[in-house]
Structure formats: C-alpha cells, structure tokens
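What the coordinates show
Below, each chain spelled out in residue letters.
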Amino acid sequence: MLELNKLYNMDCMEGMKQFPDKYFDLILCDPPYGVDLKYSTYDDTESNWYELMDKFIPEAKRTAKMVIFPSCQIKRLKWFYENYPPDWLICWHKGSPGHNGYIGFNDWEPHLVYGKTDGICMHDYFSIPNTEKMGKYGHPCPKPIAWAKWIISRATKENDIVCDTFIGSGTTALAAYDLKRRYVGFEIDEDYFNMAQKRIEETKAQIRMII
C-alpha cells in the first residue's frame, strides 16, 4: 500500500488499486471536464470523459466511504442518474465564471455525492467565489482553497484520510494538510504534479519557519 501524506505522479486508476475497500474517508476531486480544455497531456474530449467516468466512479466508490466531485456540465446529470446515480447533490454557488451557459451564465455548479458522512451534519449548499483565474499555477482550471476546505471540514474529521485522484494544482492536498487531515494525491501529468508538489513543500516550509 502507498504511503499517506504524499503525492504520486501516476494514473489514479493504478493508484487506487493500491488501497483496500473503503480506506479513504473522502475522495474529493475535480476530474477533467470533457470540454476541450487545454491540459498539458490529457486529451479533454467528451468521449474521453465518458470513458474516464466509467472507470473512475466504480473504483472511487470502492476505495472511499464518501466521494464528492463536480458534475461540470449540468446537462450531464441525466447521464449520471442513469448510470451512476448519486446519493446526494451539493450546490456550489460560485458567481459568474465569465463564460456563457446555454441561457446565459452558470453561476452555480452541482457536486455529485456518493456515500455519506460519519455522523457529521453537512448542508447541501455553499457559496464561495471562484477567485482562481484560468492558468494560475500553470493549470487551466484551479479551484479556490476555500472550496476544498468547506467540503473537507464538513465531510471529515481531524486525522481522517482525504484522497484527490486528480490533484492538478494541489488545492485539495493543501486544504487537507491545513485542516489536519491525512492525504494522498495522484496526478498523471508530470508538470502539474511538480507544481502541486512545490506548493505543498513551500507551505510546509512556511509553517516550520513560524513554529
């Protein structure tokens, strides 16, 4: 089994195979969107997205007590409910993303939830501005750390294990570390992995200096 409190430059499908059933308390991730975003190596086509979800969702549900991730496109909710019906939905109100939706702007985004919290109360709505600009940290779509902290703080307890299967710029791992959760993350792209690793190392170094 792989060590915790580390990031791994590997395919998350291979990474999750290293862990037993229901090992993680939470998988919180932001998978590729299937909308032709310009990732460094991944081909972000819609057909690749469906293929990825067919592989990812069953394995994520196997390894985690709770799985949370954005649906990205609201139109895909029908596909999710037909193929992998979630136990719950959470609404993230993020404000205008700066691009058009079908009838204007998508100011909110549904998050799919599989599993449930262990005796922790959790609301189904949160409002956090999406302040991270595309391309920040060299990643096309980084999430604000407040987004990850809100979910992690309500879905887990201190010392629980949080996994991010698509670590990207490292936001979820940083939030888990700051909230005193154990973490593990996977990122197949070497550039994104190095960037996330650098962010975490710098954060830990700053904390050591303060202490």
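Provided above is the structure to which this section pertains.
What you are looking at is a predicted structure, and each value in this text was computed from that prediction instead of being measured.

**Side note on the overall build of the protein chain**
Looking only at helices and strands, the protein chain features 6 helices and 10 strands. Of the contacts formed within the protein chain by residues at least 6 apart in sequence, a portion of 69% connects residues at least 24 apart. Per element, the accessible surface of the protein chain, about 10,700 Å² overall, is 52% carbon and sulfur.

**Brief notes about the environment of Ala-175**
Mapped onto the elements, Ala-175 comes out in helix 5 (residues 171–178). A sequence separation of 13 residues divides Ala-175 from Val-162, and the C-alpha atoms of the two residues are 9.8 Å apart. If we skip the residues at most four places from it in the chain, Ala-175 touches Ile-145, Ala-148, Lys-149 and Ile-152.

**Description of the nonpolar core**
In terms of nonpolar packing, the biggest core is built from 29 residues, with Ile-27, Met-53, Phe-56, Phe-69 and Phe-80 touching the most fellow members. Within the residue set of this core, elements represented by two or more residues are helix 1 (12–16), helix 2 (46–63), strand 3 (66–70), helix 3 (77–83), strand 7 (108–115), strand 9 (161–164) and strand 10 (182–186). Ranked by residue count, the leading element in this core is helix 2, at 6 residues. With sequence-adjacent residues up to four places away left out, Ile-27 is seen in contact with Met-16, Phe-56, Ala-60, Thr-63, Ala-64, Met-66, Val-67, Ile-68, Cys-163 and Thr-165. In terms of nonpolar packing, the next biggest core, distinct from the first, is built from 27 residues, Met-66, Ile-152, Ala-175 and Phe-193 among them.

**Overview of the environment of Leu-52**
When you line up the elements, Leu-52 lands in helix 2. Along the sequence, Leu-52 and Pro-31 sit 21 residues apart, while their C-alpha atoms lie 9.0 Å from each other. Filtering out sequence-adjacent residues up to four positions away, Leu-52 remains in contact with Pro-32, Tyr-42 and Phe-166.

**A word on the sheet that holds strand 10**
Overall, mixed pairing links the 8 strands, which are arranged 1-10-9-2-3-7-4-8 in an open sheet. At either end of the open sheet lies a strand with only one pairing partner, and these are strand 1 (6–8) and strand 8 (125–127). Averaged over all pairs of adjacent strands, the angle between strand axes in this sheet comes to 20°, irrespective of strand direction. In this structure, strand 2 (residues 26–28) lies alongside strand 3, joined through 2 bridges in parallel fashion. Across the sheet, Leu-28 pairs through a bridge with Ile-68, a residue of strand 3. Along the sheet, helix 2 contacts strand 2, strand 3 and strand 7; its crossing angle with strand 3, the most-contacted strand, is approximately 145°.

**Observations regarding the packing of helix 4 (residues 145–155) against helix 5**
A pair of packed helices is captured by two measures, namely the crossing angle of their axes and the spacing between those axes. Contact geometry of helix 4 with helix 5 gives a least axis separation of 8 Å together with a crossing angle of 55°. The orientation of helix 4 relative to helix 5 falls into the category oblique. Note on packing geometry: the crossing formed by helix 4 with helix 5 is right-handed. Listed contacts from helix 5 to Ile-145, Trp-147, Ala-148, Lys-149 and Ile-152 of helix 4 are Thr-171, Thr-172, Leu-174, Ala-175, Ala-176 and Asp-178.

**Considerations on unusual backbone geometry**
In this model, Asn-5 sits at a positive phi of 60°, which is unusual for a non-glycine residue. Exposure remark for Asn-5: the relative accessible area of 37% places this residue in the partly exposed category. Phi is positive for Asn-159, close to 80°, though the residue is something other than glycine. Tracing the chain through its elements places Asn-159 in the loop between helix 4 and strand 9. Of the residues examined, Asn-159 reaches a relative accessible area of 46% and is grouped as partly exposed.

The rules we used
- In this numbering scheme, every chain counts its residues from 1 along its sequence in written order.
- Totals for whole chains, interfaces and linings use all residues, but because this is a predicted model, local features are given only for residues with pLDDT of at least 70 and pairs of side-chain atoms are given and counted only at 80 or more.
- For side-chain calculations, the full set of non-hydrogen atoms in the structure is used, while hydrogens and water are omitted.
- Helical segments are the DSSP runs of H or I of at least four residues, strand segments are the runs of E of at least two, and each set is numbered from the N terminus.
- What makes two residues a contact is simply this: any of their non-hydrogen atoms within 4.5 Å.
- Surface accessibility follows the Shrake-Rupley procedure with a 1.4 Å probe radius. Residue values consider only the protein chains on display as shielding.
- Buried residues of nine kinds, namely Ala, Val, Leu, Ile, Met, Phe, Trp, Tyr and Cys, make up a nonpolar core once their side-chain atoms join them within 4.5 Å.
- Partly exposed residues are those whose accessible area sits between 20% and 50% of the maximum for their type, while under 20% is buried and over 50% is exposed, using a 1.4 Å probe and protein chains only.
- Any two strands with at least two DSSP-identified bridges between them are counted as paired.
- The axes used here are C-alpha line fits, helices contributing only the stretch in contact, and every angle between their N-to-C directions lies in the interval 0 to 180 degrees.
- Orientation labels follow simple angle bins: below 35 degrees gives roughly parallel, above 145 gives roughly antiparallel, 65 to 115 gives roughly perpendicular, and whatever is left gives oblique.
- By convention, the crossing between two helices is left-handed when the near helix turns anticlockwise from the far helix through less than a right angle, and right-handed when the turn is clockwise.

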